[in-house]
Amino acid sequence: MNKNQGSKKAVVLSGIQPSGHLTLGNYLGALKNWIALQEQYDCHYALVDLHTITARQDPKQLRERCYEFLALYIACGLDPSKNVLFVQSHVPAHARLAWVLNCYTMVGELNRMTQFKDKSQKNANNINAGLYDYPVLMAADILLYQTRFVPVGEDQKQHLELARDVALRFNKLYGDVFQVPEPMIPRVGARIMGLQDPTSKMSKSDGSEANALYLLDPLEVMDRKFRRAVTDSGAEVRYSEDKPGVANLMSILSAITGESFVAIEARFAGQGYGVFKAGVAEVVIETLRPVQARYREIREDEPGLHRILKDGAERAAARAAPVLRRVHEVLGFIPE
Ligand code: ATP
Ligand code: LTN
């Protein structure tokens with residue numbers, strides 16, 4: 001079977017959970033890269049709603065957020081005619097392959113997943129089987145499309161390793177069924193930290209408003225969040241592991257403008273943290289101002305957004321079907 005299913009471009013796939021609101025971390029760690037890849041690769045981007053229900057969701061908000069995320073993707077520059085944009089639950093092959101892969105994933109492997117440990121601590125009253133099984137569903141998302149590259153932030157590296165291990169294990173037993181995927185992690189911006197607590201990852205659903213910068217925050221709120229961002233003792237703008245607040249703001253600036261840390265240090269030499277924070281705020285605000293304007297227009301057309309998802313699901317399902325069929329065949333299931 002041709003792994004790339006009639007397409008010469010290498011397949012890219014990634015997903016974001018429609019939980020909370022999209023943050024600058026999601027943008028710099030994932031979304032910005034997605035946009036850069038759309039010309040060169042055969043890209044698939046999923047709103048992973050099946051993953052999202054591993055934590056309790058309000059049904060109305062979940063639906064609303066899927067439209068919000070899709071409209072924001074498009075406003076940021078992701079073109080629905082060049083990328084397959086879809087909702088995971090619309091393509092049943094994801095859940096079907098996840099079941100199969102469950103039987104090729106060891107409990108010992110899942111026990112090592114750090115995201116499961118973190119999320120279990122945060123949701124001690126709802127440590128459900130879905131949360132534990134989350135990485136297997138993610139492996140299914142990826143392997144279902146013969147994906148070559150997976151653009152994600154640093155925190156997903158361990159899940160990617162698991163997807164690779166499962167693919168290799170399956171291939172060893174049944175021949176060359178799956179493409180073995182590779183992570184694509186940006187050099188800068190792969191792990192944006194909280195603005196109030198620069199020692200923990202900025203996250204869209206941990207409930208701390210001041211810690212995260214949301215792409216749809218009013219621009220004056222963004223300005224305030226940066227001005228109040230925790231920096232470190234001292235006054236020098238210098239990149240150092242032991243100055244996590246300043247290092248984080250420098251990473252944000254560098255990820256957006258492409259400037260090196262050395263160039264940023266030179267630009268802000270002798271100017272103190274106040275000027276530096278205002279400079280970072282300005283760059284972020286000017287990047288997001290046009291995005292927010294486009295977003296409002298795109299979000300208004302909900303039937304149009306729904307059509308994009310319907311079309312995306314059809315295209316995704318067509319791509320996934322032969323792969324699932326092949327998996328069933330090698331396992332010995334009677335063809336449908
Ligand atoms: P949640 O708080 O709901 O767990 P999250 O903000 O961690 O959400 P995910 O949906 O888990 O977001 O991740 C979406 C993508 O954004 C992934 O590729 C992930 O690696 C990336 N990402 C998430 N947070 C950051 C961050 N702080 N810095 C860089 N990339 C990030
Ligand atoms: N687990 C990912 C979201 C995700 C994903 C995927 C990312 C689900 N399926 C497939 C890349 C490819 C996260 O960011 N928490």
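Please refer to the structure higher up on the page.
Since the structure is predicted, the reported quantities are computational estimates derived from the model, not experimental observations. (Residues numbered from 1 in each chain as written. Chains lettered and ligands numbered in written order. Predicted model: local features only at pLDDT ≥ 70, side-chain atom pairs only at ≥ 80, totals over all residues. Heavy atoms only, no water.)

1. Points about helix 10 (residues 244–257)
Part 1 of the argument: Compared with an ideal rise of 1.5 Å per residue, which puts 14 residues at 20 Å, helix 10 spans 20 Å between its outermost C-alpha atoms and is within 8% of the ideal.
Part 2 of the argument: In terms of burial, helix 10 is a largely internal element, twelve of the 14 residues being buried.
Part 3 of the argument: On its buried face, helix 10 is in contact with helix 1 (24–37), helix 9 (219–227), helix 11 (261–267) and helix 12 (272–300).
Part 4 of the argument: G258 sits one or two positions beyond helix 10 and adopts a positive phi of about 85°. (Helix = DSSP H or I, 4+ residues; strand = E, 2+ residues; numbered from the N terminus. Expected span 1.5 Å × (residues − 1). Buried < 20%, exposed > 50% of the residue type's maximum accessible area, 1.4 Å probe, protein only. Contact = heavy atoms within 4.5 Å.)

2. Remarks on the site of ligand 1
Part 1 of the argument: Taken together, 21 residues surround ligand 1, and among them S19, K119, D155, K201 and S203 come closest.
Part 2 of the argument: Interatomic distance of 2.7 Å between a side-chain N/O atom of S19 and an oxygen atom of ligand 1.
Part 3 of the argument: For ligand 1, an oxygen atom lies 2.4 Å from a polar atom in the side chain of K201.
Part 4 of the argument: Spatially, ligand 1 is embedded in the largest pocket.
Part 5 of the argument: The element that contributes the greatest number of residues to the shell around ligand 1 is helix 1, accounting for four residues.
Part 6 of the argument: A breakdown of the residues in the shell around ligand 1 according to their chemical character gives six nonpolar, ten polar and five charged. (Near = heavy atom within 4 Å. Polar contact = N/O pair within 3.5 Å; in protein donor to acceptor, adjacent residues only side chain to side chain. 1 Å grid on protein atoms, 1.4 Å probe; cavity = no way out; pocket = protein on both sides within 12 Å on 5 of 7 lines; lining within 4 Å. Sits in = over half its atoms within 2 Å of the grid points. Nonpolar A, V, L, I, M, F, W, Y, C, P; charged D, E, K, R; others polar.)

3. Observations regarding the site of ligand 2
Part 1 of the argument: Residues in close proximity to ligand 2 total 14 residues, the closest being H51, Y134, M138, D141 and Q156.
Part 2 of the argument: Protein contacts shield 91% of the accessible area of ligand 2, which totals 370 Å² for the unbound molecule.
Part 3 of the argument: Mapping ligand 2 onto the cavity grids shows that it belongs to the largest pocket.
Part 4 of the argument: Put simply, the parts of the chain that give the shell around ligand 2 at least two residues each are strand 1 (11–16) and helix 7 (129–143). (Areas by Shrake-Rupley, 256 points an atom, 1.4 Å probe, with all protein chains shown as cover.)

Any link to function would need more than the numbers given here.
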